[in-house]
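# What the coordinates show
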Amino acid sequence: MFFDEDIYSSVAELQEHLAGVLAPVATKYDLTLNAFGHTVVTGKVGEVVLSDAFNSALEPSPVSPTKYGPYSILGGSIKAALESSSYYNSTGVILSPSLSLGNTDTKSYWNLTKHIFRFSPATEADMYNGAHTVNEARRAESVIEGVRFYTKFILNVDESTL
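Residues numbered from 1 in each chain as written. Predicted model: local features only at pLDDT ≥ 70, side-chain atom pairs only at ≥ 80, totals over all residues. Heavy atoms only, no water.

### Quick notes on the packing of aromatic side chains
Overall, the coordinates contain four aromatic pairs when judged by the stated rule. Both rings, one in Tyr71 and one in Phe117, keep their centres 5.4 Å apart while their planes meet at 50 degrees; by these two values the pair is tilted. One end of the pair, Tyr71, is in helix H2 (residues 70-83); the other, Phe117, is in the loop between H2 and strand E4 (127-128), and 46 residues separate them in sequence. Residues Phe149 and Tyr150 carry aromatic rings whose centres are separated by 5.0 Å and whose planes lie at 65 degrees to one another, so their mutual orientation is edge-to-face. A relative accessible area of 41% means that Tyr150 is categorised as partly exposed. (Phe/Tyr/Trp six-rings, centres within 6.5 Å; stacked < 30°, edge-to-face > 60°. Helix = DSSP H or I, 4+ residues; strand = E, 2+ residues; numbered from the N terminus. Buried < 20%, exposed > 50% of the residue type's maximum accessible area, 1.4 Å probe, protein only.)

Listed below in structure tokens is the structure:
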């Protein structure tokens with residue numbers, strides 16, 4: 001089980017936490033616990049090995065600023081697109097930043113900018129058969145709304161002094 005603070009923890013802190021949780025269990029059952037290249041507990045019955053699969057451990061992403069600059073342009077574009085849409089029927093849109101745990105692509109941009117935002121102009125209701133599955137599909141209206149959003153966003157960025 002992961003706790004809220006684990007999403008902000010470094011790889012080393014998370015590894016230490018996992019080893020600490022499993023050490024008493026290993027001791028109780030007389031198991032050797034090898035955690036991330038270190039023997040934590042020595043036992044006689046068996047062995048538990050914790051390792052970084054494929055050496056893919058990734059430190060948490062930097063926190064993107066949301067109080068100024070690019071976020072305000074993105075947020076304004078989202079609000080304008082949603083509030084002017086008859087498809088979504090949204091008024092009084094309130095934006096709230098959240099945490100995205102998948103950093104498979106964004107890690108490549110950490111050294112380029114601190115303004116990394118993950119947004120897609122679609123909702124769960126716009127998807128058929130789930131994401132990244134066989135026969136993945138989106139509602140046609142959702143694609144049109146995506147074009148509306150990106151048009152607003154590009155025009156807003158073009159008019160910005162940032």
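### Some remarks on the pattern of salt bridges
Pairing between side chains becomes possible if they bear opposite charge and their charged atoms approach one another. Scanning the model with the defined rule gives two salt bridges in all. A salt bridge links Glu83 to Lys79, with the nearest nitrogen and oxygen atoms 3.6 Å apart. Of this pair, Glu83 and Lys79 are both found in helix H2, four residues apart, which corresponds to roughly one turn of the helix. Lys79 gets classed as partly exposed once you look at its relative accessible area, which sits at 29%. Ionic pairing is found between Glu145 and Arg148, a salt bridge with its closest N-O pair at 2.6 Å. Of this pair, Glu145 and Arg148 both sit in helix H3 (residues 140-159), three residues apart, which is roughly one turn of the helix. By relative accessible area, Glu145 is classed as buried at 10%. (Salt bridge = Lys/Arg side-chain N within 4 Å of Asp/Glu carboxyl O.)

### Some details on helix H1 (residues 11-28)
Taking 1.5 Å per residue, 18 residues should reach 26 Å; H1 reaches 26 Å between its end C-alpha atoms and fits that length. At Leu22, H1 shows its maximal bend, which comes to roughly 30 degrees, and the proline Pro24 appears one to four places after that position. Residues of H1 that are buried include every one of Val11, Ala19, Ala23 and Ala26, and no others. Those residues of H1 hidden inside the fold are in contact with strand E1 (31-35), strand E2 (38-41) and strand E3 (46-50). Of the residues one or two after H1, Asp30 is the one with positive phi, at around 55 degrees. (Expected span 1.5 Å × (residues − 1). Bend = angle between axes of the 7 residues up to and from the residue. Contact = heavy atoms within 4.5 Å.)

### What to know about the nonpolar core
Counting eight residues, the largest nonpolar core is built from Ala19, Ala23, Ala26, Leu31, Leu33, Ala35, Val41 and Leu50. Among the secondary structure elements, those contributing two or more residues to this core are H1 and E1. Residues in contact with Leu31, not counting those within four places in the same chain, are Ala26, Val41, Thr42, Gly43, Val45, Gly46, Glu47 and Val48. (Core = buried A, V, L, I, M, F, W, Y, C linked by side-chain atoms within 4.5 Å.)

### Examining the sheet that holds E3
Ordered in space as E2-E1-E3, the three strands form an open sheet in which the pairing is mixed. What marks the edges here is a single partner per strand, and that holds for E2 and E3. Neighbour-to-neighbour, the strand axes of the sheet open up by a mean angle of 25 degrees, direction not taken into account. Here E1 runs beside E2; their pairing, made up of three bridges, is antiparallel. Considered in E2, the bridge of Asn34 is made with Thr39. The sheet contacts of H1 involve E1, E2 and E3, and relative to E1 the element is tilted by about 165 degrees. (Pairing = 2+ DSSP bridges. Axes fitted to C-alpha atoms, helices over the stretch in contact; angles between N-to-C directions.)

### Remarks on the layout of surface pockets
Over the atoms rolls a probe the size of a water molecule, and its path tells where empty space is left. When its volume is computed, the largest pocket comes out at roughly 1,200 Å³. Ser61, Leu99, Ser100, Leu101 and Asn103 are the residues nearest the centre of the largest pocket, which is lined by 41 residues in total. Of all the secondary structure elements, the ones that give two or more residues to the lining of the largest pocket are H1 and H2. Ranked by the residues each element gives to the lining of the largest pocket, the list is headed by H2, at five residues. Of the residues belonging to the lining of the largest pocket, the class tally is 25 nonpolar, 12 polar and four charged. (1 Å grid on protein atoms, 1.4 Å probe; cavity = no way out; pocket = protein on both sides within 12 Å on 5 of 7 lines; lining within 4 Å. Points joined across faces, edges and corners; volume = space filled by probe spheres on them. Nonpolar A, V, L, I, M, F, W, Y, C, P; charged D, E, K, R; others polar.)

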